[in-house]
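Fold and contact review
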Amino acid sequence: MPVIERAYREYQGLKSPEWSRFLIIPRHAYRDVFRSKLFTAYFALSFIFPLLCAILIYLHHNVNALAIMKLNVRDVLPIDAGFFEFYVIFQGITGFFLAMLVGPQQVSRDLTNNALPLYLCRPFSRTEYVVGKMSIVILLLSTITWAPGLLLFLFQSYLEGWSWFSENIWIASAIFLGSLVWILLLALLTQAISAWVKWSVGSRAALLGAFFIPTVFAGIVNQVFETRWGNIFSLYALISNVWAGLFGTFVRQTGQIQESRNGQILREVIMTEPPLWASWFMLFLICAACLWLLSRKVKAYEVVK
Amino acid sequence: MASVAAAANDPQPKGKTPSVIALDDLSVSFGGRPILKGLRGELRGRAIGLLGPNGAGKTTLIHTLLGFHPPSSGTARIFGSDIRGEANQIRSLIGYMPERDSFIAKMSCVHFVRFMAELSGLPPAAALERAHEALFFVGLGEARYRNLDTFSLGMKQLAKLAQAIVHGPRLIFLDEPTNGLDPPARQRMIKMVREIRDSGQADIVLSSHLLRDVEECCEEILILKEGRLVVYCNLEDERKANKKFLMLETRGDLKPFVTAVDSMGCECAVTSDHRLKVILQQGTEIRDLYRVAAETQLQIRRLTYKRDSLEDIFLKAMENGNAGY
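The notes below deal with the structure included here.

What counts as what
Residues numbered from 1 in each chain as written. Chains lettered and ligands numbered in written order. Predicted model: local features only at pLDDT ≥ 70, side-chain atom pairs only at ≥ 80, totals over all residues. Helix = DSSP H or I, 4+ residues; strand = E, 2+ residues; numbered from the N terminus. Contact = placed C-beta atoms within 7 Å. Nonpolar A, V, L, I, M, F, W, Y, C, P; charged D, E, K, R; others polar. Core = buried A, V, L, I, M, F, W, Y, C linked by C-beta atoms within 7 Å. Buried ≥ 20, exposed ≤ 12 C-beta atoms within 10 Å, placed from the backbone. Axes fitted to C-alpha atoms, helices over the stretch in contact; angles between N-to-C directions. Parallel < 35°, antiparallel > 145°, perpendicular 65-115°, else oblique. Pairing = 2+ DSSP bridges.

What to know about the overall build of chain B
Tallying secondary structure elements over chain B gives 12 helices and 14 strands in all. Its C-alpha atoms give chain B principal-axis dimensions of about 80 × 45 × 40 Å. Of the contacts made within chain B by residues no fewer than 6 positions apart, 68% connect residues no fewer than 24 positions apart.

Dropping the structure here:
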């Protein structure tokens, strides 16, 4: 109907599938997000490291190039689990700052403008809203973490051969799972903080605080009690342990304190990291807490008792 | 005045349209405090006015029907679907214009309305087309590419109406749609609500504390008081129902007539040389007035019933509301 007719009429056309409606939120959010030059520039820069990794993998398999540069990259930097673990850590940190730019304003903006009734009066549930908002961070971070990571793995497999691929296929699952855990944690944290801290600068600071303050606290606990169990309070230590566990580089004993006098050992303390399951469990608890915080705030209207 | 309980007991009277909203002993409590108390009734009108003083539960009723608040007991059905178990299905048939300022920041108006249409299930292309149509319909055609943050209060109200109708719902809840509008803007809003009503493609529930808005748009009214439903009636029928208040236009000497009518126990007030108002008392009929007029040699040229205004109906409901229905 042409707009000039200006009459009310019912809609009788096709409708989009219900399962896909949560994707409407990220699709519209990216229009706004990519309007920021700072964000677009940072997002583009996030692909530099994967590109460098790809060049490194290529050099590993290009004998002529190595001969010209007189380098022995194969021995200096082998392409193994450690290489991909470093990739996941580096891109994880890059993703953290990306999430910090995008995430904290998503829910807070809707809460400030009372937009939630507009979402929830439609065939669109609270769960779909939260999943939709999380997808903004999840999809963005996926494009700079596990997706290029898996491409690097496939590139290495292509150059190295089938046997390397079949022997190291577990690295691919470690890249995917390790990145996904991190992305989910970031998505939940940013949305939970966004729901409770409406001021965007404040919520970004809160996200930074959520990583650095518990890490400092964990350090103090570790120092005072001569232990490594304080690490269960540190998000950075928790995710590092999980990554190390996935890439098979996790070591429980990470330090030793010895006090000796005249060659005689008076006291010996072996510093052991909390077990891997404790790190997974703590991450699970943090995610559950974020979901609970979100459920408290994501409502059409708050009932003031 | 029609009793809602009576309407509820009448399952589906012949010739009547099927109910839009059926309230089945619906109660809602917040923190143990009852807000809506056992509402019963079947609302059938194309345009239903939801009236009541502040805090009567109008907005809570709308929010409960939209599934924002769970009922503490009882339930309600919209087009036959239960709000407890079929909320998603109900929401796909509903449009909602909230009372408070509600929009999504940093979006142009057409983008906002299109986004809302997509959330209602319209594919992107259809959503965009309908967004343009809806914005032209509400009169924001020229301003549709402007950012919502730059809109005046009146324009924001229109944008809210556009997002409520963009997906062509069968039932539209309008919560205080004329809030903050100047008189011309208010008139435009009322005109649009009437146009939607007259299109016959959507039913309307209009919540307002402004009686004039309801009077101009609605066929039926539902009055809430302290969380109870005190009146549900057809506005036109209710206006005509008051057969006690008469207005007379006469010729001849009024004095003997007035004295005789007073002696019958009826209240009488002369408004001009030939006009007077009479309130009939119990046991007095109109034919008694004609008889007295004949005796006092007064000609009754015109006799009309004074129709109750919505204000009269509302005030009566507020006075008698405690009796409950």
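Concerning the overall build of chain A
A count of helices and strands for chain A gives 15 helices and two strands. Principal-axis analysis of the C-alpha atoms gives chain A an extent of 95 × 60 × 35 Å. Considering only contacts within chain A whose residues lie at least 6 apart along the sequence, 74% involve residues at least 24 apart.

Comments concerning the interface of chain A and chain B
Taken residue by residue, the interface counts 33 residues in chain A and 42 residues in chain B. Of all the secondary-structure elements, those providing two or more residues to the side of chain A that touches chain B are helix H1 (24-33), helix H7 (106-112) and helix H8 (116-120) of chain A. Among the elements that make up the side of chain A that touches chain B, the one with the highest residue count is H8(A) (four residues). Broken down by class, the residue content of the side of chain A that touches chain B amounts to 18 nonpolar, five polar and 10 charged.

Description of the nonpolar core
A:Leu186, B:Phe112, B:Val113, B:Ala162 and B:Leu206 are the most contacted members of the largest nonpolar core, which has 146 residues in total. The element best represented in this core is helix H12 (residues 169-196) of chain A, accounting for 14 residues. The residues contacting B:Leu206, other than those within four sequence positions of it, are B:Ala47, B:Gly49, B:Leu50, B:Leu174, B:Pro177, B:Val193, B:Asp213, B:Val214, B:Cys217 and B:Cys218. The next biggest cluster of nonpolar side chains, apart from the first, holds nine residues, and it includes B:Leu248, B:Leu289, B:Ala293 and B:Leu298.

Considerations on the environment of A:Leu14
By the secondary structure assignment, A:Leu14 is in the segment before H1. C-alpha of A:Leu14 to C-alpha of A:Phe247: the two residues are 233 residues apart in sequence and 47 Å apart in space.

Focus on the packing of helix H13 (residues 200-225) of chain A against helix H14 (residues 235-247) of chain A
All names here are of chain A. Packing of H13 against H14 brings their axes to within 7 Å, and their N-to-C directions diverge by 90 degrees. Here H14 runs roughly perpendicular to H13, going by the angle between their axes. Of the residues in H14, those touching H13 at Ala210, Phe211, Pro214, Thr215 and Ala218 are Leu235, Tyr236 and Ala237. Here the residues of the contact of H13 with H14 sort into seven nonpolar, one polar and no charged.

Quick word on the sheet that holds strand E10 (residues 228-234) of chain B
All names here are of chain B. Read from one edge of the open sheet, six strands run E6-E7-E8-E3-E9-E10, paired in mixed fashion. Edge positions in the sheet fall to strand E6 (94-97) and E10, since each has one partner strand and no second. In this sheet, neighbouring strand axes are inclined to one another by 15 degrees on average, regardless of whether the strands run parallel or antiparallel. The sheet contact formed by strand E3 (residues 47-51) and strand E8 (residues 203-207) spans four bridges and is parallel. Considered in E8, the bridge of glycine 49 is made with leucine 206.

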